[in-house]
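The chain contents come next:
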Amino acid sequence: YGGSMPSGHTRWLLEQFEFPFEVVFPPQLDAGNLRQKYDVLVFVTGAIPGAGGSGGGFGGGDVAPGGRGGGPDPASIPAEYRNQLGRVTVQTTVPHLKRFLEEGGTIITIGTSTSLAQHLGLPLRDYMVERSPEGGERPLPRAKFYVPGSVLRVSVDNTLPVAAGVPDEVDVFFDESPVFRLGPDAARRGVKPIAWFSSAAPLRSGWAWGQNYLEGGTAMAQAQVGRGMLYLFGPEILFRAQPHGTFKFFFNGIFSGLVESASRTVQ
C-alpha cells in the first residue's frame, strides 16, 4: 500500500506486451499456497528486505514500500485498501517464497530484491566490498565507487534460455545496483552467472566513479531451488519501461517459467 514506482512501470510494461497478471500484496503472499495460484512471481527493486532487515540488498539502499515506521494505521485506510497493507518479511514471507520455488515456481527479482538469494542461503555475496583494517569486509565507500545511474556494458551467456536472443554483450542501466560474487560451490548448488562485467571500463553513457572495481563481478545470475528457478537481475532491466535492450531477460524469465510449468503438468 502506498505505491511503488518500479511496480507501476512494470505493470504498464506487462500491459503493453499483453501479459496477463495480477498485483499481489504481502497478505496474499503470507497466506501461502502460492504454487496453486501462480506460475511466476516478480519482485521489483525495494520489494524484498535486505539482509539487515532494510529494503536494500547486496549493499542497496532502497526502502520497501510502507516500510518506514511500520506502515500506516489500518484504521486510517479506506476499507477497500486494507488488504494491501503490510510488507514482505524474512520471517513470514520468505518461507512461502522458498516453498513456491521448491514446488516448481519461478521468481524474478530485480535490483535490491535480489537479496532474496541471501535469505535463501544461496552461495552469493556482495562483490562491491573491500577489506577493513580489522580483516573483515565492508562496502566500498562512495569515495571509491559510485554509479548512481549510468549505462554499462556486460558480457552475457546467451546459451541459457533466459538470455535467448540477447547478444554476447549488452548495455544495462546500472543505478547503484547489486553486483554478486558467486561462491566456490555455486555451480554444484545450481547457481550460474547470466551476465558479468568482463571489462575494467564498462561505462557506455553517463559517469561511473571507480568503474574498474566492477571487473569480474556478476551482474545477473540464476539459481535452481528445488524444482523452481530464481532469477537475479542486479541492473534495472526494466527501468521506467525504457531499456528495450534488456526486456528479453524479463520476458524469457516469464516464458521459461510457463514452459517448465507446462512440461511438469504433461509429465
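Below or above, wherever it landed, is the structure these notes cover. Throughout, a residue's number is its position along its own chain's written sequence, starting from 1. Given that the model is predicted, a residue must reach a pLDDT of at least 70 before its local features are reported, and side-chain atom pairs must reach 80 or more before they are shown or counted; all residues, however, enter totals for whole chains, interfaces and linings. With hydrogens and water excluded, all non-hydrogen atoms of the structure serve as input to the side-chain values.

Within the protein chain, the regular secondary structure consists of 5 helices and 12 strands. Burial analysis of the protein chain (267 residues in total) assigns 46% to the buried set. The contact criterion used is simple: two residues touch if any of their non-hydrogen atoms lie within 4.5 Å. Put simply, 71% of the contacts in the protein chain that link residues at least 6 apart link residues at least 24 apart. Computed by Shrake-Rupley with a 1.4 Å probe, the accessible areas treat only the displayed protein chains as cover when residues are assessed. Carbon and sulfur atoms provide 51% of the accessible area of the protein chain, an area that totals close to 12,900 Å². Numbering of helices and strands runs from the N terminus; a helix is a DSSP stretch of H or I covering at least four residues, while a strand is a stretch of E covering at least two. Between buried and exposed lies partly exposed: a residue is buried under 20% and exposed over 50% of the maximum accessible area for its type, with that area taken using a 1.4 Å probe on protein chains only.

What follows concerns the pattern of salt bridges. Between Lys or Arg on one side and Asp or Glu on the other, a salt bridge is scored when a side-chain nitrogen of the former is within 4 Å of a carboxyl oxygen of the latter. Taken as a whole and assessed by the stated rule, the structure comprises 11 salt bridges. Measuring nitrogen to oxygen at the nearest pair gives 3.1 Å for the salt bridge that ties Arg 204 to Asp 171. Taken as a pair, Arg 204 in strand β10 (residues 203-205) and Asp 171 in strand β7 (residues 169-174) lie far apart in primary sequence, 33 residues in all. Take Asp 171: its relative accessible area is 27%, and that puts it in the partly exposed class. Look at the salt bridges and you will find they share partners, linking Arg 153, Glu 169, Asp 171 and Arg 204 into a network.

Let's shift gears to the nonpolar core. Grouped burial of nonpolar side chains is what soluble globular proteins tend to show. As used in this record, nonpolar core signifies buried Ala, Val, Leu, Ile, Met, Phe, Trp, Tyr and Cys residues forming a set joined through side-chain atoms within 4.5 Å. Formed by 40 residues in total, the largest nonpolar core has its most connected members in Ile 194, Met 220, Phe 233, Phe 249 and Phe 250. For this core, the elements supplying multiple residues, two or more each, are α1 (5-16), β2 (106-110), β6 (150-156), β7, β9 (191-196), β11 (218-225), β12 (228-233) and α5 (247-266). Sequence-distant contacts of Phe 233, that is, excluding residues within four places in its chain, are made with Ile 108, Thr 109, Ile 110, Gly 111, Thr 114, Val 162, Ile 194, Ala 219, Met 220 and Phe 249. Counting 25 residues, the second-largest nonpolar core is a separate cluster that includes Phe 43, Leu 101, Phe 180 and Ala 221.

Moving on, we get to the side chain of Thr 109. As for its placement among the helices and strands, Thr 109 is situated in strand β2. Beyond its immediate chain neighbours, meaning those up to four positions away, Thr 109 contacts Phe 43, Thr 114, Leu 116, Leu 230, Tyr 231, Leu 232 and Phe 233.

Burial analysis of β11 places 7 of its 8 residues in the buried class, which makes it a mostly covered element. Two strands are counted as paired when DSSP detects at least two bridges linking them. Pairing of β9 with β11, which is carried by 5 bridges, proceeds in the antiparallel orientation. Its bridge partner lying in β11, Lys 192 is registered against Gln 222. Taken together, the 6 bridges between β11 and β12 define a ladder with antiparallel strand orientation. Residue pairing in the sheet places Met 220 in a bridge with Phe 233 of β12. Hairpin connection from β11 to β12: 2 residues lie between these consecutive antiparallel strands, with Gly 226 at a positive phi of about 60 degrees.

Bringing empty space enclosed by the protein into the picture now. Both site types are read off a 1 Å grid over the protein atoms alone. A 1.4 Å probe that fits but cannot get out defines a cavity, while an open set with protein on both sides within 12 Å along at least five of seven lines defines a pocket; lining residues have an atom within 4 Å of a point. Grid points are joined across faces, edges and corners, and a volume is the space filled by probe spheres set on the points. Evaluated as defined, the whole model comprises 1 cavity of 30 Å³ or more. Volume-wise, the largest cavity comes out at about 40 Å³. Along its surface, the largest cavity is lined by Gly 32, Asn 33, Leu 34, Arg 35, His 96, Arg 99, Phe 100 and Glu 103. Broken down by class, the residue content of the lining of the largest cavity amounts to 2 nonpolar, 3 polar and 3 charged. Polar here means any residue outside two lists: the nonpolar Ala, Val, Leu, Ile, Met, Phe, Trp, Tyr, Cys and Pro, and the charged Asp, Glu, Lys and Arg; Gly therefore counts as polar.

We now examine the layout of surface pockets. Its volume calculated, the largest pocket comes out at about 1,000 Å³. Every residue lining the largest pocket is counted, 36 residues in all, and those nearest its centre are Ser 7, Glu 22, Val 23, Val 24 and Val 42. Element by element, the count of residues in the lining of the largest pocket is highest for α1, at 5 residues. Grouping the constituent residues of the lining of the largest pocket by class yields 22 nonpolar, 9 polar and 5 charged.

This part covers the side chain of Thr 10. Within the secondary structure, Thr 10 sits in helix α1. Judged by relative accessible area, Thr 10 falls into the buried class, the value being 8%. Reaching out from Thr 10, the side chain makes a polar contact with the backbone oxygen of Pro 6 at a distance of 2.8 Å. In contact with Thr 10, not counting residues within four places along its chain, are Val 44, Leu 238 and Phe 250. Pairs of N or O atoms within 3.5 Å make up the polar contacts considered here, provided that, within protein, one atom can donate a hydrogen while the other can accept it, and that residues adjacent in sequence are counted only when both atoms are side-chain atoms.

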